[in-house]
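Chain by chain, the residues run as shown.
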Amino acid sequence: MPITPVEPVLIAGAGLSGSVIARELAEAGLNVRIFEARNHIAGNCHTARDPETGVMVHHYGPHIFHTGNGAVWSYVNRFAKMQPYRHSVRTTVGGRTYSLPVNLTTINQFFGTNLTPKEAEAFVKARADQSIRDPESFEDQALAMMGPELYKAFFKGYTQKQWGCDPRQLPTSILKRLPLRFTADDSYFNHPHQGLPDGGYTAMVAAILDHPGITVHLNTPLDPANPPGRGHLIWSGPLDAYFGHRLGRLGYRTLKFEHHRTWGDFQGIPVMNYGDADVPQTRITEHKHFTPWECHARTIYTCETSHAAGAGDIPYYPIRLVEEKALLAGYVAKAGAETGVTFVGRLGTYRYLDMDVCIAEAFDVAAAILAAHKGGTAPPAFVHPPLG
Ligand code: UDP
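Please read these numbers as outputs of a predicted model, since none were measured by experiment.

Draft legend 1. Highlighting the overall build of the chain. Along its length, the chain carries 12 helices and 17 strands. Expressed along its principal axes, the backbone C-alpha trace of the chain runs to roughly 70 × 50 × 40 Å. Counting across all 388 residues of the chain, residues that qualify as buried make up 55%. For the chain, contacts bridging at least 24 residues in sequence account for 72% of all contacts bridging at least 6. In the structure as shown, the chain presents an accessible area of about 16800 Å², 53% of it carried by carbon and sulfur atoms.

Right, here's the structure in full:
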């Protein structure tokens, strides 16, 4: 039975989390108002056509949709035609180009060998540091998995540039995002479902938000100290910003992008990583390769560098070093003491989340809010714990 609440639900942020929650609530009969500080929807997966080249540009860095969650895959296919796409990345190290993620081809290219899968596995195992039984950092994890040569070439420099710190300070979970394979499979992701929305992510999110129960206000930051209504608030902005950074600022990495245009094909692949610590960029993205079903005479490519986020920068990656975790615990305690607000998404829960996880969690948050409405209780501050 649809529910008829007195007050519309307020959502801060029209990214994937906020938009999917809005849709789920609107379909259940709630009225929802979304407040988005930027001049566009879709958060950091925003895409728009470059007027000069006609190419669809991933404005905040490459976003590839991949998932093992059938419900999430069905959901995105409901709102966009998902074009088949298999993400492929190369890396340039010491002036040479290698296959990624590290696989049989990479191993043979790098060591100048001609190993079979079985031989490669034994070869890498012999280099791996077997004394590391319980890796505690990114570096330990890498040394235990692949040994010093592959780690230093492909991970150490890139990770220092990307995260602005020594990989010994970073958690193992960051490295665990990437597979190590002893076959020649160079697909960047293991998930069975991969694809890109035919008309870009912004069109997909616009379709999600296209419901009579949803009103979107662009260029309208929501001030949590002075909310524009009395309904329940879903906060997908930074957790520390909700509290006016009262305990201090949680650390984020921000990205800077430099766009270039030329004719033809610049690098022949969507993403080229740069593993050397003394090459400033982490990667170059050539956007036309995200739409192989389109044809463009010109091309636009983007050099990406990573920096510590200052007060006015867009936050991308939560850093989660020891200091951030202590601060986070303080904010989580404050959040738990609030009523009338639920914190969601990458910024609201301060976690490194992929798009499919944002959508899956948005389903859970919407279900929890609907259950609370039905039961006449207050929805929880967090549906998923932000620590860990
Ligand atoms: N990474 C690396 N070298 C590479 C690619 C990735 O060291 O060529 C490390 C780096 O620390 C990065 C992490 O692996 O942050 C996860 O990589 P992923 O491609 O998932 O990063 P994203 O695309 O989310 O920035």
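Following the structure, the description resumes.
Draft legend 2. Representation of the site of the ligand in the model. In the vicinity of the ligand there are 16 residues, among which T159, W163, Y188, Y317 and Y352 approach most closely. For the ligand, a nitrogen atom lies 2.9 Å from a polar atom in the backbone of F154. In this structure, W163 approaches the ligand through a side-chain N or O atom, which is 2.9 Å from an oxygen atom. Across the complex, the protein chains shield 93% of the 530 Å² of accessible surface that the ligand would expose by itself. With six residues, helix α6 (residues 148–163) is the largest single contributor of residues to the shell around the ligand. A per-class count over the shell around the ligand returns 11 nonpolar, three polar and two charged.

Draft legend 3. Structural context of the pairing of strand β15 (residues 298–308). Where strand β12 (residues 252–263) lies against β15, 11 bridges are found, and the strand directions are antiparallel. Within β15, the position partnered with K256 by the bridge is T305. Alignment of strand β14 (residues 283–286) against β15, held across four bridges, turns out to be antiparallel. Looking at β15, one finds that R283 is bridged to E304.

Draft legend 4. Looking closely at the pattern of salt bridges. In total, this model carries 16 salt bridges according to the counting rule given. R230 is paired through a salt bridge with E7; the nearest N and O atoms lie 3.1 Å apart. Taken together, the residues span a long stretch of sequence, with R230 in the loop between β10 (214–217) and β11 (233–235) and E7 in the segment before β1 (9–12) at a distance of 223 residues. Taking the relative accessible area as the measure of exposure, E7 reaches 26% and is therefore partly exposed. A salt bridge links R23 to E27, with the nearest nitrogen and oxygen atoms 2.7 Å apart. Placement of the pair is R23 and E27 together in helix α1 (residues 16–27), with a separation of four residues, close to one helical turn.

Draft legend 5. Highlighting helix α8 (residues 201–209). Looking at α8, one finds that the buried residues are Y201, T202, M204, V205, I208 and L209. What you see down the axis of α8 is that its buried residues fit within an arc of 160°, all on one side.

Draft legend 6. Here's a closer look at the state of the cysteines. Counted according to the given criterion, the structure contains zero disulfides. Note on C358: no disulfide assigned, nearest cysteine sulfur contributed by C45 at a separation of 8.8 Å. Overall, C358 belongs to the buried group, its relative accessible area being 11%.

Draft legend 7. Region of the structure containing the side chain of H384. Its place among the elements puts H384 in the segment after α12 (355–375). Side-chain polar atoms of H384 contact the side chain of D364, separated by 3.1 Å. Sequence-distant contacts of H384, defined by excluding residues within four places in its chain, comprise T349, R351, E361 and D364.

Parameters at a glance
- Residues numbered from 1 in each chain as written.
- Predicted model: local features only at pLDDT ≥ 70, side-chain atom pairs only at ≥ 80, totals over all residues.
- Heavy atoms only, no water.
- Helix = DSSP H or I, 4+ residues; strand = E, 2+ residues; numbered from the N terminus.
- Buried < 20%, exposed > 50% of the residue type's maximum accessible area, 1.4 Å probe, protein only.
- Contact = heavy atoms within 4.5 Å.
- Areas by Shrake-Rupley, 256 points an atom, 1.4 Å probe, with all protein chains shown as cover.
- Near = heavy atom within 4 Å.
- Polar contact = N/O pair within 3.5 Å; in protein donor to acceptor, adjacent residues only side chain to side chain.
- Nonpolar A, V, L, I, M, F, W, Y, C, P; charged D, E, K, R; others polar.
- Pairing = 2+ DSSP bridges.
- Salt bridge = Lys/Arg side-chain N within 4 Å of Asp/Glu carboxyl O.
- Arc of directions from axis to C-beta.
- Disulfide = S-S within 2.5 Å.

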